[in-house]
Each structure stands twice: as structure tokens, then as C-alpha cells.
Amino acid sequence: MEKVIYQAKKPLQGTVVTPGDKSISHRSVMFAAIAEGTSEITGFLRGQDCLSTISCMRQLGVKIEETEDKIIVHGKGVHGLTEPKEILDVGNSGTTIRLLSGILAGQPFASMLIGDDSIAKRPMRRVTGPLKMMNATIDGRDYANLTPIAIRGGSLQGMSYVSPVASAQVKSAILLAGLYANGTTTVAEPHKSRDHTERMLQAFGVDVTSSELSASIQGGQKLTATNVHVPGDVSSATFMLVAAAIVPDSDVTLTNVGLNPTRSGIIDVLERMGASLTFSNEKTVGGEPVADIRIRYQELTSTTVEGAEIPRLIDEIPAIALLATQAKGTTVIKDAEELKVKETNRIDTVVLQLQKLGASIEATDDGMIIHGGESLHGGSAESYHDHRIGMTMALAGLISENPVSVSGTDAIAVSYPNFFTHLEELQGDS
Ligand code: S3P
């Protein structure tokens with residue numbers, strides 16, 4: 001699908017209810033599926049990725065009902081999943097394939113995992129390597145690095161693993177396998193990655209201990225069903241925050257934004273760059289901090305984004321790159337090699353597409369350098385079927401001198417099905 005965006009700096013005004021958090025939605029269905037009893041999930045994100053998780057869990061024998069406002073999961077207990085008759089298709093979802101691999105490593109049966117063309121290129125060894133060290137039998141293309149991946153689980157052995165990357169997908173897969181392992185399983189990482197797995201396992205009654213850079217779980221524990229309320233996704237809210245931050249005279253409020261400190265790097269970056277943010281209605285929802293955020297347009301200045309901050313905003317970097325094109329000075333993003341193994345190589349795709357629209361931006365080995373403060377001329381851009389690239393390019397159309405036409409916008413439904421509706425509402429066009 002192609003979309004032409006041309007709003008010639010028309011201010012955004014109004015309030016948007018932030019869509020459910022993608023990371024937390026995936027976990028809610030997976031954990032409820034292996035819990036004892038029935039769990040009800042509200043605020044669930046019905047994006048393509050999370051729907052892939054639902055369909056995989058159904059193939060593993062779990063009854064999941066979808067009503068208008070909730071997802072009802074009839075848990076089978078830790079040992080209740082059954083061998084799938086068909087191949088499990090994760091679609092575009094890296095979180096589904098990585099976390100599910102951890103659960104499947106503990107099952108005494110065989111399963112096969114595939115996904116779309118993007119998943120077929122994304123490295124799985126970071127997960128299958130440690131799971132094999134715990135005793136799971138796993139194979140796949142390139143020695144269990146690429147899909148299709150076949151897993152035969154069984155009696156796992158707990159271990160202490162030091163992950164070379166700060167990845168919540170890696171950490172979560174190992175902790176989930178640890179539920180099925182003898183003894184204790186510990187994962188350490190170089191910087192703290194998002195901790196939704198640790199928080200939600202605790203809500204399901206599992207004892208998980210964590211320190212700043214590691215988490216441990218004791219095998220043999222059970223999960224007890226609980227109702228989960230999924231907070232709004234700060235990664236989706238980011239697109240509306242950035243839209244308001246770059247279009248003069250904008251004044252936008254986003255309600256129900258999840259502000260877990262392992263995810264809120266974008267807020268720190270916006271504040272460093274001089275954005276005007278106010279927070280209200282702060283509370284805790286389902287063990288996660290949440291608030292409403294009001295943003296009013298203000299001129300921005302450049303910043304540097306690096307080190308431990310990177311995992312706290314890894315999915316927001318495409319939007320930050322666009323933000324930086326409108327900020328005075330030179331913004332540097334470094335230590336972000338992980339961008340290369342997302343839905344696309346986001347160093348390449350962001351830089352190339354923003355260059356095409358007239359931005360002064362260059363790629364580096366571990367990030368990008370953006371010379372900001374100049375307007376974009378517009379033109380045509382593509383999403384490469386990466387939802388976050390599609391949304392970033394669409395926002396570029398709000399501030400370009402000429403229209404921006406973005407191809408492959410259907411990919412946006414992966415994480416933000418109402419993206420264009422929300423944008424139109426804020427522009428008073430709906
Ligand atoms: C996710 C973790 C991140 C993030 C992805 C979702 C998760 O990946 O980029 O969109 O839900 O655990 P890594 O943990 O591999 O960096």
C-alpha cells in the first residue's frame with residue numbers, strides 16, 4: 001500500500017489514547033498460556049505481531065478467546081502444551097520467535113518455526129546457542145541461526161549465561177527455558193534491557209530475582225493465572241511525540257503511556273533536546289509505571305545518544321533520526337549496532353530513506369550522524385516492510401516542502417494499526 005503525506009506543517013492538536021504495548025502483549029498471552037487457570041487480558045495490542053503470538057499458542061493447544069475488549073486465555077499449565085501438527089508461523093515478529101523458542105526448548109516434543117522474509121534474515125543463534133547449552137536439540141539453516149528452526153526440547157539443565165548483547169529477547173528466552181530446567185538459570189547482560197518478562201513472571205507468581213545487570217530463575221516453578229492490564233506502548237507514543245515535536249504550534253496529549261525506566265530513553269532524549277513535556281495522572285498499571293504526557297512544540301537542539309541509553313530506546317532510533325533533522329546542531333547516535341538486526345538493517349534503511357527526502361545524515365558503523373535544522377524537500381520513500389521505517393517516513397511528510405509518498409505502509413499494522421487515524425484526528429481531519 002502507498003500513502004502520500006503532505007501536511008505542510010499543519011499543527012497537531014488533541015489527545016490520543018496510546019495503543020497497547022507490543023512487548024507486554026506478547027508476554028501476557030505466552031505466560032497466561034502456560035499458567036494454571038484462566039487469565040483475562042485487557043489493553044492487548046491487536047497488531048499483526050501479537051496476533052501471530054496468539055495463533056502460535058493456539059497451535060500449541062491453548063484455547064484463547066477474543067472478545068471486543070479482552071483476550072481470554074485458558075492456561076494449560078507449565079507442562080500442558082501439546083505438539084503442534086503444523087509449522088508455527090511467527091510472521092514478522094522477532095519477539096514471538098525468540099521468546100517462544102525459550103518455551104519450546106522446555107517441551108518434550110518437536111516444533112518447527114518459520115516467519116516472513118525479514119524473519120528469515122534475523123539471527124537466531126543468540127537464542128538457539130544458549131538454549132542448546134541448556135540441552136535443547138535445535139537445528140536450522142546456518143547451524144540453527146536462521147529459519148526454519150526446529151526445536152526438540154526436553155530435560156534442560158540450568159546455567160549461568162553472560163549474553164554478549166543487551167537483548168530482552170535473548171534474556172527472556174533463556175529465563176523461560178530456565179522455568180523448565182534443573183537448578184538455577186542466570187542471565188547477565190552488558191547493559192540493562194527491558195524487564196517486562198521479570199515483572200510479569202512475578203505477577204504470575206514466579207520467583208525471579210534480578211539485579212541491575214542480571215536475572216535468575218529457579219526451575220520447576222508454576223505460573224498461576226492472573227488478569228493483566230497492558231499499558232500503552234511508549235514506542236508507539238514516540239511517533240506522536242515526535243510529530244508534535246517537529247510541527248510548529250502543536251500541542252498533543254498522549255494518555256496511558258508506559259514509562260518503565262528500561263523503555264523511557266526517548267523521554268530523556270526529548271527533554272535533553274529541549275522539548276516541552278508535562279506528565280500527569282501517574283500510576284502503576286499491571287506492575288508497570290504509566291502516565292499521560294502533554295507535549296507542546298518548542299525549538300530543539302541536537303544531542304548525543306550512546307551507551308547504556310541505547311537499549312532503553314532502541315526501537316525509537318528511526319523516529320529520533322527524523323527528530324534530529326529538525327534540531328539545531330549535529331546529533332550523534334552511537335553504540336547502536338543492534339539496529340542492524342531489527343526488522344531491517346535500520347542504520348541503512350533510515351539513513352538512505354531520510355537522505356532521499358533531503359536530510360543531511362550519514363551512516364556510521366554503529367549508528368548515524370545527523371546535521372539538523374534544515375527542512376526536508378520530500379519525495380518518495382519506502383518502508384521496506386518495516387513498520388517503524390514506514391511511520392518515520394510518514395512523519396517526514398508532515399514537515400517536508402513537497403509531499404512524501406511512502407510505499408509499504410501496510411507494515412505499520414504490525415505495531416500501530418491506528419497510526420494514520422490517530423494522525424488525522426490530531427490534524428482535525430477526521
Ligand atoms: C523486544 C525487545 C527488543 C525490541 C523488540 C521487542 C521485546 O529487541 O527491539 O522490538 O519485546 O523483548 P532486543 O531485546 O533483541 O533488543
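Residues numbered from 1 in each chain as written. Predicted model: local features only at pLDDT ≥ 70, side-chain atom pairs only at ≥ 80, totals over all residues. Heavy atoms only, no water.

In the annotation of an unreviewed UniProt entry, the protein is listed under the name 3-phosphoshikimate 1-carboxyvinyltransferase and assigned to Paenalkalicoccus suaedae. Taken verbatim from the UniProt record of the protein, the Sequence similarities (unreviewed entry) comment is "Belongs to the EPSP synthase family." Under Pathway (unreviewed entry), UniProt gives the following word-for-word description of the protein: "Metabolic intermediate biosynthesis; chorismate biosynthesis; chorismate from D-erythrose 4-phosphate and phosphoenolpyruvate: step 6/7." (UniProt positions renumbered as here; feature names shortened; annotations may be inferred.)

A. View of the sheet that holds strand E21 (residues 304-305). Read from one edge of the open sheet, four strands run E21-E22-E24-E23, paired in mixed fashion. Edge positions in the sheet fall to E21 and strand E23 (360-364), since each of these pairs with one other strand and no more. Inspection of the sheet shows strand E22 (residues 329-333) paired to strand E24 (residues 367-372) by five bridges, in the antiparallel sense. Across the sheet, Thr330 pairs through a bridge with His371, a residue of E24. Set on the sheet, helix H10 (residues 317-325) makes contact with E22, E23 and E24; between it and E24 the angle comes to about 25°. (Pairing = 2+ DSSP bridges. Helix = DSSP H or I, 4+ residues; strand = E, 2+ residues; numbered from the N terminus. Contact = heavy atoms within 4.5 Å. Axes fitted to C-alpha atoms, helices over the stretch in contact; angles between N-to-C directions.)

B. Spotlight on the pairing of strand E9 (residues 146-152). Judged from the four bridges that link them, strand E7 (residues 110-114) and E9 form a sheet pairing that is antiparallel. What sits directly across from Ala110, in E9, is Arg152. Two elements, strand E8 (residues 137-140) and E9, share four bridges in a ladder whose sense is antiparallel. What sits directly across from Thr137, in E9, is Arg152.

C. Summary view of the packing of helix H4 (residues 125-133) against helix H6 (residues 168-179). Contact pair H4 / H6: the axes reach a minimum separation of 9 Å and the direction vectors enclose 25°. Classified by the angle their axes make, H4 and H6 are roughly parallel. Two packed elements cross with a definite hand, and for H4 against H6 that hand is right-handed. Between H4 and H6, the contacting residues are Arg126, Val127, Pro130 and Leu131 on the first element and Val170, Ala173, Ile174 and Ala177 on the second. Split by residue class, the contact of H4 with H6 holds seven nonpolar, no polar and one charged. (Parallel < 35°, antiparallel > 145°, perpendicular 65-115°, else oblique. Left-handed = near helix turned anticlockwise from the far one by under 90°. Nonpolar A, V, L, I, M, F, W, Y, C, P; charged D, E, K, R; others polar.)

D. Expanded view of the site of the ligand. As a matter of local geometry, the ligand sits amid Lys22, Ser23, Arg27, Thr95, Ser167, Ala168, Gln169, Arg194, Ile314, Asp315 and Lys342. A distance of 2.7 Å separates an oxygen atom of the ligand from a polar side-chain atom of Ser23. Within the side chain of Thr95, a nitrogen or oxygen atom sits 3.4 Å from an oxygen atom of the ligand. Burial of the ligand by the protein amounts to 95% of the accessible area it has alone, namely 380 Å². Of all elements in the fold, only helix H1 (22-33) and H6 reach the threshold of two or more residues within the shell around the ligand. Per element, the largest residue contribution to the shell around the ligand is three residues, and it comes from H1. (Near = heavy atom within 4 Å. Polar contact = N/O pair within 3.5 Å; in protein donor to acceptor, adjacent residues only side chain to side chain. Areas by Shrake-Rupley, 256 points an atom, 1.4 Å probe, with all protein chains shown as cover.)

E. The arrangement of the packing of aromatic side chains in detail. Taken as a whole, this structure holds four aromatic pairs when the rule is applied. Plain terms: the ring middles of Phe419 and Phe420 are 5.0 Å apart, the flat faces sit at 75° to each other, and that makes the pair edge-to-face. Residues Phe419 and Phe420 agree in their burial class; the two are buried. Three or more aromatic residues joined by ring pairs form one cluster here, namely Phe239, Tyr416, Phe419 and Phe420. Directly above the ring of Phe420 sits Lys3, whose terminal nitrogen or CZ lies 4.6 Å from the centroid. (Phe/Tyr/Trp six-rings, centres within 6.5 Å; stacked < 30°, edge-to-face > 60°. Buried < 20%, exposed > 50% of the residue type's maximum accessible area, 1.4 Å probe, protein only. Lys NZ or Arg CZ within 6 Å of the ring centre and 35° of its normal.)

F. Spatial organisation of unusual backbone geometry. Cis peptide bonds are those with omega within 30 degrees of zero, and the linkage from Thr147 to Pro148 qualifies with -5°. Its location among the elements puts Pro148 in strand E9. Positive phi, normally seen in glycine, also occurs at Asp249, with a value near 70°. By secondary structure assignment, the location of Asp249 is in the loop between helix H8 (234-246) and strand E18 (251-258). Phi at Asn256 is positive, roughly 60°, even though this residue is not glycine. By the secondary structure assignment, Asn256 is in strand E18.

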